[in-house]
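What the coordinates show
If you want the building blocks of each chain, they are given just below.
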Amino acid sequence: MATYNKMWGEAQQALSCLLEGESEKALEPPQDQVVIFQMLATFYIKYVQIFRHLENAYDQIVHPQKRILIRQVLDAVMGRILELKNEMVELEFSEFHYFDDILQDLKLSPEQLDIPIPKYFLKEKMEVLREREKILARILANAGLETLNLKLPLKVMSLEEAVKLIQISERARQGRLRAVFMKQIYHQHVREKQTRLRVEKITDVGSAAVQIQKLWRSFHQSRTAAKEKEDEMVFLGMDPSPHIQGFNNTLLNAQKVKFLRYEVQEKHEEEYQEALVTIKTNLKMLEGPDIRENLQDQIRHWFIECRNITGTFPDYPKEEEGGSAIIFSERTPQQVCIHSSLQNEEEERWKMAPSLFIPAIEEGNSKYEDESWNFLQDYDPEMIKEEKRKELESEIRVQVDELMRQELKNLKLAVDREKEVPRKAKKKKEKKRGKKGKRGKKEKDLTPDRTLDSLYKELVEEGLLIRPLKVQLSEYIGEFCYLGTTLRHIAIEPMPSLSDVRQLITLYGILPLGSQTVHEKAPLVKTLLLVGPSGVGKKMLVHAICTETGANLFNLSSTNIAGKYPGKTGLQMMIHMVMKVARLLQPSVVWIGETEKTFYKKIPKVEKEMEPRRLKKQLPKIIKLMKPEDRILIVGTTKRPFEADIKPLCKVYQKIIMIPRPDYASRFVLWKQVIEQAGGNITKSLNISCLSKITDGFTQGQIVQVIKSILTDRRIRLQKQKALTAVEFITSLARMDPVYKEEEESFKVS
């Protein structure tokens, strides 16, 4: 436990230094674009490091009050990272940035730039997600949609296809029988040869000894050479050390301790919640009467002071303004805007936008205290008393305000004899006008009489609300771009790496959907477009966003909504139901696959009946009604953006992320990891580097498809007799068409 307390302390110290650095740069901001980017990138990387430490500390620390404080700072740091990212995008007019030179200066590895996904996104609502999963499974089962999905792969075959399939099976059966027969003949020849050798007798002892020595020396030398080669590969870092296997038990023990901490967290949280109630009840009994009396005395004293100064009793502050709390919080107004004459000059100079998260970081950072004495890491009752005392005071203040308003009214009637009835009537009229104005701005509810469960069930049955695949973002394999800055120095714009794509999905999709605080205050991203050739993992990323945040997935692809809710009123009803359920069960992701069809320049004759452009006019209206408190993200995917009308497409989608073909480093990692996951063994016979080079131009989906087609159950069982080789995979690759550079360049142009 001390380790994570120390980690938190180190994160607090790093935050203090970083906040000081930011305040210094804010006073004298640089004006050179390169220097500005270096400054923003350095801040960004340092905040990411602090974020990694805070996430680990929040996940493992068991002290309930510390976890509340760390959560506050964690969310604020998340928001600050998004603010800095937005600053860099506005500076460079690009979503992709390259930090290889800065990482080298800070002596950090590229892996340390990966933004972790906080575990509390799923952990804190696990029960809700399980219940929702059960409801979804029940609806699908009752509607018969799950059994329908199982039968989809089956197709009706023609007579010729059936005959051909039977012929193939029969030839395979005969081939297997022939192989067994040949194997028996081979074993018989081996037995006969061994029998002949036993009969022959060696007459010369010297030649026998030489033969034995020869065999032994050959075996010893080959074993020594193999060992030296293995040691060399380990030394160069190209093969893992055999000692790594010894850490398995340690890792398992660490995992057990981790889950034990989760149990202690739950126990301490329960005790903390009970203490909140009991301590507040005790305070109400012991200190409540004194708090009430003190408040009444203070307010009466204010009445008399105002009467002495102005000659009349004051108007009591309204409840919506804070009541009597505003009396003692008001200060003398001071002029702050003296530098208005310098505004024109400042507008021309670059200046970092004000942060909404730095005050929260500073507040959380200032509350840190060392509690090494608290071995059990229980709650601190004094801290609870301090918080509950303020809460109790505000509750009692509301009651006191009602009494003191009446007392002030009686005083005015007795001393000043002022009538307040006309004033109140005017106030009521003003309030009514205000309410009417607010009602006009609200979105009309087309389904006021329907329950959430009925709407949810209908959307599932219509196939508009679907079950997302369980895919982690870490399964989207890709390496860091190591030459980004170098290429830019020689005026070559590098292709973004898959690691960059993974980071953008985390920043724009997962973090805002996972945290309400971040979504409300950080630069708001309502829509996201994933562009790239077929097989680069666009759909996988959509499902990963839902998996990592526990979000609902709505499918509004043109092919999926074809024929559903026809007509203008039907379309409005469908959109209303989707957005209503998405808001009530947020976070939610609205996925529009093949989104180029929604923005077709010209609808092909074959697709005219589908009405693919049904959502074109509705999408801008939907986006306009989405508020910061609505954790909803609209994600579009397309492999043919050049078929769409680009202007309305770009107006709808706020962020456009191009997903490229995997580079050599990403292909190398992909081949290795997917083969191992499929049950294959990486041996010296299998040249992964060769496979990575020859698959230049092939997408991740094609590589995975090839691996799955080769690594059948039978081939996995035969690995002991015959190791995997690169030639086996090349045969399947030859049947596929790669993505050529011209096609990839067309995505850039479009």
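Residues numbered from 1 in each chain as written. Predicted model: local features only at pLDDT ≥ 70, side-chain atom pairs only at ≥ 80, totals over all residues. Heavy atoms only, no water.

1. A word on the overall build of the protein
- Of regular secondary structure, the protein possesses 31 helices and six strands.
- The buried share of the protein, taken over its 750 residues, is 40%.
- Across the protein, the fraction of contacts at a sequence separation of at least 24, relative to all contacts at a separation of at least 6, is 84%.
- With an accessible surface of roughly 46,200 Å², the protein has 56% of that area assigned to carbon and sulfur atoms. (Helix = DSSP H or I, 4+ residues; strand = E, 2+ residues; numbered from the N terminus. Buried < 20%, exposed > 50% of the residue type's maximum accessible area, 1.4 Å probe, protein only. Contact = heavy atoms within 4.5 Å. Areas by Shrake-Rupley, 256 points an atom, 1.4 Å probe, with all protein chains shown as cover.)

2. Quick word on the packing of helix 3 (residues 64-92) against helix 14 (residues 358-366)
- Put simply, helix 3 and helix 14 touch, their axes get as near as 8 Å, and they point 150° apart. Between helix 3 and helix 14, the interaxial angle falls into the category roughly antiparallel. Between helix 3 and helix 14 lies a crossing of left-handed hand. The residues of helix 14 that touch helix 3, namely those facing Leu69, Gln72, Val73, Ala76, Val77 and Arg80, are Ile358, Ala360, Ile361, Glu363, Gly364 and Asn365. (Axes fitted to C-alpha atoms, helices over the stretch in contact; angles between N-to-C directions. Parallel < 35°, antiparallel > 145°, perpendicular 65-115°, else oblique. Left-handed = near helix turned anticlockwise from the far one by under 90°.)

3. Some words on the side chain of Ser557
- Mapped onto the secondary structure, Ser557 falls in the loop between strand 3 (552-555) and helix 22 (558-561).
- At a separation of 2.7 Å, a polar atom in the side chain of Ser557 contacts the main-chain amide nitrogen of Gly593.
- Ignoring anything within four residues of it in the chain, the contact list for Ser557 reads Trp591, Ile592 and Gly593. (Polar contact = N/O pair within 3.5 Å; in protein donor to acceptor, adjacent residues only side chain to side chain.)

4. Here's the deal with unusual backbone geometry
- A cis amide bond links Gln586 with the next residue in sequence, Pro587, at an omega value of 5°.
- You can see Pro587 is positioned in the loop between helix 23 (567-584) and strand 4 (588-593).
- A positive phi angle, close to 50°, is found at Tyr565, a residue other than glycine.
- Checked against the element boundaries, Tyr565 lands in the loop between helix 22 and helix 23.
- One non-glycine residue, Glu611, adopts positive backbone phi at about 50°.
- Along the chain, Glu611 turns up in the loop between strand 4 and helix 24 (618-625).

5. Looking at the sheet that holds strand 1 (residues 465-466)
- The sheet built from six strands is open, its strands ordered 1-3-4-5-2-6 with mixed pairing. Looking at the sheet topology across the chains shown, the edges are occupied by strand 1 and strand 6 (655-658).
- In the sheet, strand 3 pairs with strand 4 via four bridges, with the strands oriented parallel. If you follow Phe554 over to strand 4, its bridge partner there is Val590. (Pairing = 2+ DSSP bridges.)

6. Structural notes on the side chain of Arg80
- Mapped onto the secondary structure, Arg80 falls in helix 3.
- For Arg80, a relative accessible area of 2% gives the class buried.
- Contacts of Arg80, omitting those with residues within four sequence positions, involve Glu22, Tyr47, Met352, Ser355, Phe357, Ile358 and Ile361.

7. Observations concerning the environment of Glu387
- Assignment of secondary structure puts Glu387 in helix 15 (residues 381-415).
- By relative accessible area, which is 40% here, Glu387 ends up partly exposed.

8. Some remarks on the packing of aromatic side chains
- Under the counting rule described, the total for this entry stands at eight aromatic pairs.
- Consider the rings of Tyr44 and Phe99, whose centres lie 5.6 Å apart with planes at 35°: the pair is tilted. Pair noted here: Tyr44 is in helix 2 (residues 33-60) and Phe99 is in the loop between helix 3 and helix 4 (100-105), with a separation of 55 residues, a long-range link. An identical accessibility class is assigned to Tyr44 and Phe99; each is buried.
- An angle of 65° between the planes, with centres 6.4 Å apart, marks the rings of Phe599 and Tyr653 as edge-to-face. Of this pair, Phe599 sits in the loop between strand 4 and helix 24 while Tyr653 is found in the loop between helix 25 (646-652) and strand 6, placing the two residues 54 residues apart along the sequence.
- Here the aromatic cluster, defined as three or more aromatic residues joined through ring pairs, consists of Phe37, Tyr44 and Phe99.
- Here Arg67 stacks its cationic end above the ring of Tyr58, 4.4 Å away from the centre of that ring. (Phe/Tyr/Trp six-rings, centres within 6.5 Å; stacked < 30°, edge-to-face > 60°. Lys NZ or Arg CZ within 6 Å of the ring centre and 35° of its normal.)

9. Some points on the confidence of the model for the protein
- The predicted model of the protein has a mean per-residue pLDDT of 80, with 85% of residues at 70 or higher.
- Contacts for the low-pLDDT stretch residues 330-347, under 50 throughout, to residues beyond four places or in other chains number two contacts.
- Predicted confidence for residues 418-440 stays below pLDDT 50, and this span has seven contacts to residues more than four positions away or in other chains. (pLDDT = per-residue confidence, 0-100.)

10. Side note on a negative patch on the surface
- A cluster of acidic residues, Glu263, Glu266, Glu270 and Glu274, forms a negative patch on the protein surface.
- When you line up the elements, Glu263 lands in helix 10 (residues 248-286).
- The exposed category is assigned to Glu263, whose relative accessible area is 52%. (Patch = residues over 30% accessible without salt bridge, like charges linked within 9 Å, V, L, I, M, F, W, Y side chains within 5 Å. Salt bridge = Lys/Arg side-chain N within 4 Å of Asp/Glu carboxyl O. Lys, Arg positive; Asp, Glu negative; His and termini not counted. Charge placed at Lys NZ, Arg CZ, Asp CG, Glu CD.)

11. Details of the pattern of salt bridges
- By the definition in use, this model includes 23 salt bridges.
- With its nearest N and O atoms 2.8 Å apart, the salt bridge here joins Glu458 to Arg450.
- Look at Arg450 and you get partly exposed, because its relative accessible area is 32%.
- It is possible to trace a salt-bridge network through shared partners that takes in Glu22, Arg80 and Glu83.

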